[in-house]
Amino acid sequence: METILVSACLRGVPCRFDGRHKASPASQEAVAGRAVVPFCPEVAGGLTTPRRPAELVGGDGHDVLDGTARVVEDTGRDVTEQFVAGARRALAAARRGGCTQALLMPRSPSCGRGTVYDGTFTGSAVPGDGVTAALLERNGITVRAAPGV
Ligand code: SF4
């Protein structure tokens, strides 16, 4: 059976910054028939739940991996190190689980694929990938944004 890495919050784990989850019928259907490896890179990187919201500043997840952008909380605290650590652990989990694909939560600074919040904490999104999405893609894993969330 094919195995897919999925954002843990899409699987009903209450690991979002606000202590909630984002499970939806559409994201369940999107992985039907596959074995799922649920993973939350922000928690794996050492952040608490609940936690302050964080967004990308100065670029997207690829720029963070290249050292030219950062991830900061709305308080101004720099959490780049935790986001990069979590991305590395997500890649390790994907490899351990034999995942060649991932289905991730849209717009998140870690899991976002294709669009991410723009760093203004206003709910606006811009084109780009989160840190984990970028690292998985760079390592040959096909990443899709979950539908319907
Ligand atoms: Fe964790 Fe990713 Fe969901 Fe954020 S979007 S709570 S980092 S699994």
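Look up a bit, the structure's there.
1. A closer look at the overall build of the protein chain
Scanning the protein chain for helices and strands turns up 5 helices and 8 strands. Taken from N to C terminus, the helices and strands of the protein chain fall in the order β-α-β-α-β-α-β-α-β-β-β-α-β. Against the 2.2 N^0.38 benchmark of 15 Å for 149 residues, the protein chain shows a C-alpha radius of gyration of 14 Å, consistent with a compact globule. A principal-axis box enclosing the C-alpha atoms of the protein chain has dimensions of 45 × 30 × 25 Å. By the burial criterion, 46% of the 149 residues in the protein chain qualify as buried.

2. Things to note about the packing of helix H4 (residues 80-97) against helix H5 (residues 131-138)
Taken N-terminus to C-terminus, the directions of H4 and H5 make an angle of 45°; their axes are 9 Å apart at the nearest point. Between H4 and H5, the crossing angle belongs to the class labelled oblique. Regarding H4 and H5, the two cross each other, and that crossing is right-handed. For the pair H4 and H5, contact is made by Phe 83, Val 84, Gly 86, Ala 87, Arg 88, Ala 90, Leu 91 and Ala 94 and by Val 131, Thr 132, Leu 135 and Leu 136, respectively. Residue composition of the contact of H4 with H5, by class: 9 nonpolar, 2 polar and 1 charged.

3. Description of the sheet that holds strand E5 (residues 101-104)
If you trace the 4 strands from one edge of the open sheet to the other, you get E2-E1-E5-E8, paired in parallel fashion. Both edges of this open sheet fall to strand E2 (35-39) and strand E8 (142-145), since each of them pairs with a single strand only. With strand direction ignored, the average angle separating the axes of adjacent strands in the sheet is 25°. Sheet topology note: the strand E1 (residues 3-7)/E2 ladder contains 5 bridges and is parallel. Looking at E2, one finds that Thr 3 is bridged to Ala 35. Against the sheet, H5 touches E1, E5 and E8, its axis set at about 150° to E8.

4. Some remarks on the site of the ligand
The full set close to the ligand counts 14 residues, and Cys 9, Cys 40, Glu 42, Ser 110 and Cys 111 are the nearest of them. Residues that form the shell around the ligand fall into these classes: 8 nonpolar, 3 polar and 3 charged.

5. Considering H5
Judged by how many residues are buried, H5 sits mostly within the fold: 6 of 8 residues are covered. Listed as buried for H5 are Val 131, Thr 132, Ala 133, Ala 134, Leu 135 and Leu 136. Looking at the residues trailing H5, positive phi occurs at Gly 140, about 85°.

6. Comments concerning the side chain of Ser 108
By the secondary structure assignment, Ser 108 is in the loop between E5 and strand E6 (115-117). Among the residues examined, Ser 108 registers a relative accessible area of 12% and is labelled buried. Beyond its immediate stretch of four places on either side in the chain, Ser 108 contacts Glu 42, Val 116 and Gly 130.

Conventions used here
Residues numbered from 1 in each chain as written. Predicted model: local features only at pLDDT ≥ 70, side-chain atom pairs only at ≥ 80, totals over all residues. Heavy atoms only, no water. Helix = DSSP H or I, 4+ residues; strand = E, 2+ residues; numbered from the N terminus. Rg over C-alpha atoms; globule rule 2.2 N^0.38 Å. Buried < 20%, exposed > 50% of the residue type's maximum accessible area, 1.4 Å probe, protein only. Axes fitted to C-alpha atoms, helices over the stretch in contact; angles between N-to-C directions. Parallel < 35°, antiparallel > 145°, perpendicular 65-115°, else oblique. Left-handed = near helix turned anticlockwise from the far one by under 90°. Contact = heavy atoms within 4.5 Å. Nonpolar A, V, L, I, M, F, W, Y, C, P; charged D, E, K, R; others polar. Pairing = 2+ DSSP bridges. Near = heavy atom within 4 Å.

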